[in-house]
Structures are given as C-alpha cells and as structure tokens.
Amino acid sequence: VFLLALASKRSDLSFGERALALKMAMVIDVLPRLSFALMFPVGLELSAAKGYVEPSGGVRAVAWLVSAVWVGLVLGMTRLEGKPIAHTLAKGNALLHWVLLFVTVGIGVSSVLGHGPFPDGWLGWKIVLFGLIFFCGIMIDVEFRPMIPAFTRLAQEGSKPDIERDITRAVNGAVRWVLSLYALVAFDRDNGVAA
C-alpha cells in the first residue's frame with residue numbers, strides 16, 4: 001500500500017498507471033484495516049491464554065462485538081464504495097476510531113498507573129501504543145482525503161502544477177503518519193514492551 005501510494009503521485013507515469021497504483025493500494029489496504037480491527041480481541045485472547053489477564057466473558061464478548069462491528073464497517077465501505085451509504089459508513093468508522101483511541105489510551109495509562117485492568121506495566125504500555133496507532137490511522141485518512149478530488153481533477157484536466165501539488169501533499173502527509181505508525185509498531189516490538 002505504501003509503495004503503491006508513492007507510485008500514484010509520480011507525474012512521470014501515465015494517468016492509467018497512476019490510477020492502477022491507487023486502485024491497487026485501496027484494494028490491498030482493506031487487509032491491514034481488517035487485521036487492525038481484529039488485533040485487540042485476538043490480543044486479549046492471547047493475553048488471557050498466557051495468564052497476563054483474566055477477562056470476564058462479558059469483556060471478551062464486548063471486544064469481539066466491537067471488532068465485528070468494525071469489520072462490518074470496513075467491508076461495507078469497501079463493497080459499497082461510490083454509494084452514499086459508504087460515506088455514512090466511513091463517518092461511523094472514523095467515530096469508532098476516535099472512541100477507541102480514547103478508550104484504549106485511557107485504559108493503558110490507567111493500567112500503567114496501577115489502576116487499570118492490566119496488572120503489568122508493560123501490558124499497559126502496549127495498550128497505550130495500540131491506542132496511538134488509532135491516532136496515526138485517523139491522521140492517515142485525514143491527510144489522504146484531498147487525494148480523491150485531486151485525482152478526479154487529474155483524470156478530467158490532465159497534469160497541472162496545482163493538481164500535482166495537491167496529490168503530492170496528500171500522499172506525503174499520509175506517508176508521514178504511516179511512518180509514525182511503523183515506528184510505534186517497531187517500538188512496541190523492539191524495546192521490551194512486547195510480550
């Protein structure tokens with residue numbers, strides 16, 4: 001997705017090549033979004049299996065229910081792209097991301113301070129980092145949003161400096177947040193925070 005997004009901003013490629021790169025990026029992007037939607041309940045189950053936490057059946061059910069709703073939003077946005085309902089689903093997805101950002105960071109910080117549901121400090125930090133990934137995801141979508149109207153103009157008007165500038169700005173803005181997300185994942189794995 002990262003490399004295809006970079007290719008879509010290359011003005012030395014034909015419009016067809018750029019459009020194909022963008023379309024492929026959007027299709028492939030569904031997989032990491034689905035993985036992200038499943039990450040918390042799967043992580044909760046793994047933590048329970050390792051004995052780090054003892055979630056109640058209700059907590060597990062809520063985690064899986066939220067994940068199922070999230071998966072539904074992602075699949076709905078993808079399958080119904082171009083229809084008005086897709087815009088509504090995208091708004092619901094964005095709202096869910098904001099809610100989960102605050103909930104996960106709050107639970108993580110509370111756990112680090114010794115008041116949350118996760119008894120070990122490292123697991124609390126892991127939840128904080130997971131929450132910050134939500135923020136990166138939100139910002140990727142915010143930064144990339146101007147790409148669609150700019151690309152539509154490119155299709156209609158051809159390459160112009162202001163259109164290319166808008167496309168480059170959108171891709172570069174999203175790339176900054178993608179790299180931040182990668183850094184969070186690397187920090188989580190490489191600095192003793194991971195299980």
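About the thresholds
- Residues numbered from 1 in each chain as written.
- Predicted model: local features only at pLDDT ≥ 70, side-chain atom pairs only at ≥ 80, totals over all residues.
- Heavy atoms only, no water.
- Helix = DSSP H or I, 4+ residues; strand = E, 2+ residues; numbered from the N terminus.
- Buried < 20%, exposed > 50% of the residue type's maximum accessible area, 1.4 Å probe, protein only.
- Contact = heavy atoms within 4.5 Å.
- Areas by Shrake-Rupley, 256 points an atom, 1.4 Å probe, with all protein chains shown as cover.
- Lys, Arg positive; Asp, Glu negative; His and termini not counted.
- Charge placed at Lys NZ, Arg CZ, Asp CG, Glu CD.
- Phe/Tyr/Trp six-rings, centres within 6.5 Å; stacked < 30°, edge-to-face > 60°.
- Salt bridge = Lys/Arg side-chain N within 4 Å of Asp/Glu carboxyl O.
- Patch = residues over 30% accessible without salt bridge, like charges linked within 9 Å, V, L, I, M, F, W, Y side chains within 5 Å.
- Arc of directions from axis to C-beta.
- pLDDT = per-residue confidence, 0-100.
- Core = buried A, V, L, I, M, F, W, Y, C linked by side-chain atoms within 4.5 Å.

## With respect to the overall build of the protein
Assigned secondary structure in the protein consists of eight helices and zero strands. Going from the N terminus to the C terminus, the protein shows its helices and strands as α-α-α-α-α-α-α-α. For the protein, the spread of C-alpha atoms along the three principal axes comes to 60 × 35 × 20 Å. Counting only residues that meet the buried cut, the protein has 35% of its 195 residues in that class. Long-range contacts, defined as pairs at least 24 residues apart, comprise 63% of the intrachain contacts of the protein with a sequence gap of at least 6. Taken as a whole, the protein presents about 11100 Å² of accessible surface, with 68% of it coming from carbon and sulfur. Charge centroids of the protein, computed over 18 positive and 15 negative side chains, lie 4 Å from each other.

## Comments concerning the environment of L73
By the element assignment, L73 lies in helix 4 (residues 57–79). Sequence separation between L73 and G92 is 19 residues; the distance between their C-alpha atoms is 7.4 Å. Among residues more than four places away in sequence, those in contact with L73 are L89, G92, N93 and L96.

## Thoughts on the packing of aromatic side chains
Two numbers describe a pair of aromatic rings. These are the distance of the centres and the angle of the planes. Tallied over the entire structure, the rule returns twelve aromatic pairs. A ring pair is formed by W98 and F102, whose centres lie 6.1 Å apart and whose planes are at 25°; its orientation type is stacked. With W98 and F102 both in helix 5 (residues 84–112) and four residues apart, the pair spans about one turn of that helix. What makes W98 partly exposed here is its relative accessible area of 36%. Its relative accessible area of 59% is what places F102 among the exposed residues. One aromatic cluster is present, built from ring pairs that chain together F36, F40, W70, F130 and F134.

## Quick word on the pattern of salt bridges
As enumerated under the stated definition, the model contains nine salt bridges in all. Residue R60 pairs with E45 through a salt bridge whose shortest N-O separation is 3.2 Å. Here R60, found in helix 4, pairs with E45, found in helix 3 (residues 30–50); they are 15 residues apart in sequence, far enough to count as distant. Under the relative-accessibility criterion, R60 is labelled partly exposed at 29%. We classify E45 as partly exposed; its relative accessible area is 27%.

## Here we look at a nonpolar patch on the surface
A surface patch of nonpolar side chains, amounting to about 320 Å² of accessible area, comprises V1, L20, M24 and I28. The residue I28 is located in helix 2 (residues 15–28) in this model. Here I28 falls in the partly exposed class, since its relative accessible area comes to 36%.

## Let's talk about helix 7 (residues 147–157)
Along helix 7, the residues that are buried comprise M147, A150, F151 and L154. Axial view of helix 7: buried residues confined to an arc of 100°, hence all on one face. Where helix 7 ends, the next residue or the one after it, G158, has phi of about 85°, a positive value.

## Regarding the confidence of the model for the protein
Of the residues in the protein, 96% reach a pLDDT of 70 or more, and the chain-wide mean stands at 88. Mean pLDDT values for the elements of the protein range from 87 in helix 8 (residues 161–190) up to 93 in helix 4. Scored below 50 in pLDDT, residues 190–195 makes 13 contacts in the model with residues more than four places away or belonging to other chains.

## Quick word on the nonpolar core
Among the nonpolar cores identified, the biggest contains 20 residues, and F36, W70 and F134 are the most heavily contacted of them. Those elements giving two or more residues to this core turn out to be helix 3, helix 4, helix 5 and helix 6 (121–144). With six residues, the top contributor of residues to this core is helix 6. Discounting residues that sit within four places of it in the chain, F134 has contacts with F36, W70, H97, L100, L101 and T104. Counting residues in each nonpolar core, the second largest holds 14 residues, with L22, I140, I167 and V175 among its members.

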